[in-house]
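# Coordinates in review
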Amino acid sequence: MNIGFIGTGNLANAMIAGVLKSGMLPGNNIYAYDIDAAKLDVFCKRHGIRPSESSAQLAENCQAILLVVKPAD
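The notes below deal with the structure included here. Here the structure is a predicted model, which means the values were calculated and not measured.

## What to know about the state of the cysteines
Enumeration according to the criterion identifies zero disulfides in this entry. The cysteine cysteine 44 is free of any disulfide, with cysteine 62 supplying the nearest cysteine sulfur at 11 Å. Overall, cysteine 62 belongs to the buried group, its relative accessible area being 10%.

Structure (structure tokens):
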């Protein structure tokens, strides 16, 4: 199963770190997308997860998607 995160802020960081630490999923089963490509690149390299070029691409690759953005965004 692949899971995807839309947003790469503090909450997504904590959630992904928890998933990886628990061993529920390896990094290659976790995808992320953010409108800030530079932030996304750093985030994915830090966690060893896969970046997505768009939310549509993320949806194609994942069975579950978590929207982890501030309500105003």
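## A short note on the sheet that holds strand β3 (residues 50–51)
If you trace the four strands from one edge of the open sheet to the other, you get β3-β2-β1-β4, paired in parallel fashion. Each end of this open sheet is capped by a strand with a single partner; those strands are β3 and β4 (64–67). When strand β2 (residues 30–33) meets β3, the two strands line up parallel, connected through two bridges. Bridging across to β3, alanine 32 finds its partner in proline 51.

Cut-offs and rules
Residues numbered from 1 in each chain as written. Predicted model: local features only at pLDDT ≥ 70, side-chain atom pairs only at ≥ 80, totals over all residues. Heavy atoms only, no water. Disulfide = S-S within 2.5 Å. Buried < 20%, exposed > 50% of the residue type's maximum accessible area, 1.4 Å probe, protein only. Pairing = 2+ DSSP bridges. Helix = DSSP H or I, 4+ residues; strand = E, 2+ residues; numbered from the N terminus.

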